[in-house]
Amino acid sequence: MRHHCAKRFQLLPVLAGIAATLVAQAQETARITVEAVAARSRPIVESVPVNGTLTPPRLALLSTEVAGLVSEVHSDVGDRIQSGEPLLELDPELNIIARDAALADVERRRELLSDASRRLDEARRLVGDNYIAESEVDSLTSQVQVARAELRAAEIEAQRQGALLRRHQVNAPFTGIVSRKLAEKGEWVEPGAELFEVVSTDHLYADLEIPQRLYARIREETPLRLNFDTGDDRTYRARVLNKVPLSRTGARTFVLRTEIVDKNKPALIPGMSVSAELQLGTERKGVAIPRDALTRYPDGRITVWVAKNFSGWNKPAKVAEQQVKTGLGFDGLIEVRTGLQAGQVVITRGNESLQEGQEVMVRQATGDD
């Protein structure tokens, strides 16, 4: 009997150890894993959302400088055209006749000048022998000068008729696309009437409407990302080209012209809407954490969960909830003005159902250096 009791007492420590191990394993199994980052002090940036429009570098409304009947139309809406390519022609018949008449008059005036010059030369040879009066030579000299002036006027008229004839053809002023066609073969058109709208699409600008209060804070190096209405959520890098120093009276905004610097940009067309996010420096530093770390309550409270006894990544720690006051948001982060110190470890994933004092396994969030 005493022998059996001794064996029982010897088994008690073993059973207690096994129980403690099982409890520890159960606790280890029940402990959830959360992701966290270390709060850091960094320059605070104000993120300002704005909207705008894609603008072509060139847009022209083409017209003719002379009146005439449209004889040929070479381009239609949507056609891609090259600089100097003919788009439309007017019937040149009447102007060809006028030009040929002007050229004929040039030839006639040239012959008259030649004849007057010949008679002047003869008179000069005769005046030395007293066969002709000097006044006659002076008269012939005047006739030569008048004939030379009339020839010059005839040549100018021929040039004018040639210029008018060339203007019977409307050419593309630059490489682009025909966005509108407003004339057809057989129509009579007058000078200044719109015939084509041509737009260049090779290098589009994004013109953004910026609140006037931000004018002085925008620099050439201001970070900027654009998003286009193309059905995806991708953003593209852009740089500031010019800010127009004119505030629009109704909207109290000014135009900021930017250009896309990413080479893998989507297919874009002029007039497309564009949204952007300006990253403006505030010249101050503060604690900023990912937005996912925040817990918002209906009563307006904002809290974060922090690891109180943090001893390293992939190790257990107890969590505590702290109320914070937030500031500006930027680049997926949000400024914490009060309630959190730099260096504290903040839970960013798995914080939805935590309890005060709960022990968790802390893993470093992806992308946190």
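Residues numbered from 1 in each chain as written. Predicted model: local features only at pLDDT ≥ 70, side-chain atom pairs only at ≥ 80, totals over all residues. Heavy atoms only, no water.

(A) View of the overall build of the chain. Helix and strand counts for the chain come out as 3 helices and 22 strands. For the chain, buried positions account for 35% of its 369 residues. Accessible surface computed for the chain: about 22100 Å², of which carbon and sulfur atoms make up 51%. (Helix = DSSP H or I, 4+ residues; strand = E, 2+ residues; numbered from the N terminus. Buried < 20%, exposed > 50% of the residue type's maximum accessible area, 1.4 Å probe, protein only. Areas by Shrake-Rupley, 256 points an atom, 1.4 Å probe, with all protein chains shown as cover.)

(B) Quick look at the sheet that holds strand S5 (residues 80-81). The antiparallel open sheet is built from 4 strands, whose spatial order is S3-S10-S8-S5. Only two strands of the sheet have a single neighbouring strand rather than two, namely strand S3 (59-62) and S5. (Pairing = 2+ DSSP bridges.)

(C) Looking closely at the sheet that holds strand S7 (residues 169-171). Taken together, the 4 strands give an open sheet; going across it, the order is S7-S6-S4-S9, and neighbouring strands pair in antiparallel fashion. Here the strands that pair on one side only, and so sit at the sheet edges, are S7 and strand S9 (188-189). Taken together, the 3 bridges between strand S4 (residues 68-73) and strand S6 (residues 86-90) define a ladder with antiparallel strand orientation. Following the sheet pairing, Val 70 is matched in S6 by Leu 90.

(D) Spatial organisation of the pattern of salt bridges. Per the stated rule, a full pass over the model turns up 27 salt bridges. In this structure, Asp 115 engages Arg 119 in a salt bridge whose closest nitrogen and oxygen atoms are separated by 3.1 Å. Of the two residues, Asp 115 and Arg 119 are both situated in helix H2 (residues 93-127); the distance of 4 residues between them amounts to about one turn of the helix. Ionic contacts of the salt-bridge type, sharing partners, join the residues Asp 105, Arg 108, Arg 109 and Glu 150 into one network. (Salt bridge = Lys/Arg side-chain N within 4 Å of Asp/Glu carboxyl O.)

(E) Focus on the packing of H2 against helix H3 (residues 134-166). Close contact between H2 and H3 brings their axes to 8 Å; oriented N to C, the two are set at 165°. Taken together, the axes of H2 and H3 lie roughly antiparallel to each other. Two packed elements cross with a definite hand, and for H2 against H3 that hand is left-handed. In the contact of H2 with H3, the residues fall into 20 nonpolar, 6 polar and 11 charged. (Axes fitted to C-alpha atoms, helices over the stretch in contact; angles between N-to-C directions. Parallel < 35°, antiparallel > 145°, perpendicular 65-115°, else oblique. Left-handed = near helix turned anticlockwise from the far one by under 90°. Nonpolar A, V, L, I, M, F, W, Y, C, P; charged D, E, K, R; others polar.)

(F) Highlighting unusual backbone geometry. A positive phi is found at Asn 314, a non-glycine position, where the angle reads about 65°. Tracing the sequence through the fold places Asn 314 in the loop between strand S17 (302-307) and strand S18 (315-323). Overall, the relative accessible area of 53% leaves Asn 314 in the exposed class.

(G) View of the pairing of strand S22 (residues 359-364). Here strand S1 (residues 33-38) runs beside S22; their pairing, made up of 4 bridges, is parallel. Across the sheet, the residue bridging to Ala 36 is Gln 364, located in S22. As paired strands, S18 and S22 are joined by 4 bridges and run antiparallel to one another. In the strand pairing of S22, Pro 316 is matched with Met 361.

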